Amino acid sequence: MLAITFTRKAAGEMRERVAAALAAGATPPGAGASSHERALHEVASAVGARSAARGWQLERQPSRLRIMTID
């Protein structure tokens, strides 16, 4: 995934949102979940599985996510 932003604040917000999505991917969505929530869960679950297979430990070490500004 490639994420580009102009400010450090926005990069921090992106990092928080990605980390939250990865954490949410560990539990299935509820019965009333929207299609967006189900799709997000599916992608987050796949990333979590890849992280586990590669030993990245993204859930415990979100600092390994490279979300930066373009400057």
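It should be emphasised that the depicted structure is a prediction, and the values quoted were computed from it without experimental measurement.

Enquirer: Would you mind going over the overall build of the chain with me for this structure?
Expert: From N to C terminus, the chain includes two helices and two strands. Walking the chain from its N terminus toward its C terminus, one meets helices and strands in the order β-α-α-β. Dimensions of the chain, computed from the C-alpha atoms along their principal axes, are close to 40 × 30 × 15 Å. Here the chain holds 71 residues, and the buried ones make up 20% of them. Sequence separation of at least 24 residues holds for 46% of the intrachain contacts in the chain that already meet a minimum separation of 6. In the form shown here, the chain has an accessible surface area of approximately 5,600 Å², with 57% of it arising from carbon and sulfur atoms. Side chains of the chain give 10 positive and 6 negative charges; the mean places of these two sets differ by 7 Å.

Enquirer: Is there a simple way to think about the confidence of the model for the chain in this case?
Expert: Segments scoring low in pLDDT should not have their predicted coordinates read at a detailed level. Counting all residues, the mean pLDDT for the chain is 86, and 96% of those residues have values of 70 or more. Within the chain, strand β1 (residues 4–5) has the poorest average pLDDT of any element, 78, and helix α2 (residues 35–54) the best, 91.

Enquirer: What is the right way to look at helix α1 (residues 8–24) in this model?
Expert: Turn by turn, an α-helix covers 3.6 residues, leaving residues three or four places apart pointing in a common direction. For α1, built from 17 residues, the straight-helix expectation of 24 Å at 1.5 Å per residue is met to within 8% by its first-to-last C-alpha distance of 24 Å. Those residues of α1 that sit buried are Ala-11, Val-18, Ala-21 and Leu-22. The arc enclosing the buried residues of α1, seen along the axis, measures out at 100°, which places them on a common side. Turned more than 90 degrees away from the buried face of α1 sit Lys-9, Glu-16, Arg-17 and Ala-23, all of them exposed.

Enquirer: How do you make sense of unusual backbone geometry when you look at a structure like this?
Expert: The general pattern is negative phi for most residues beyond glycine and trans for most peptide bonds. For Gln-57, which is not a glycine, the phi torsion comes out positive at approximately 55°. Position of Gln-57 among the secondary structure elements: in the loop between α2 and β2 (68–69).

Rules and cut-offs
Just so you know, the residues in each chain are numbered from 1, in the order the chain's sequence is written. The model is predicted, so local features are restricted to residues of pLDDT at least 70 and side-chain atom pairs to those at 80 or more, both for listing and for counting; the totals for chains, interfaces and linings are taken over all residues. Excluded from the side-chain calculations are hydrogens and water; all other atoms, namely the structure's heavy atoms, are used. Only DSSP runs of H or I reaching four residues or more are called helices, and only runs of E reaching two or more are called strands; each is numbered from the N terminus. Partly exposed describes any residue whose relative accessible area lies between the buried limit of under 20% and the exposed limit of over 50%, with all areas from a 1.4 Å probe on protein chains only and scaled to the type maximum. Working rule for contacts: check all heavy atoms of both residues, and any pair within 4.5 Å makes them a contact. The Shrake-Rupley method, run with a 1.4 Å probe, gives the accessible areas here. Residue values count only the displayed protein chains as cover. Under the convention used here, Asp and Glu are negative, Lys and Arg are positive, and both His and the chain ends fall outside the count. To locate a charge, take atom NZ for lysine, CZ for arginine, CG for aspartate or CD for glutamate. How sure the predictor is of each residue is captured by pLDDT, a score from 0 to 100. The length a helix should cover is 1.5 Å for every residue beyond the first. This arc describes the spread of directions from the helix axis toward the C-beta atoms.

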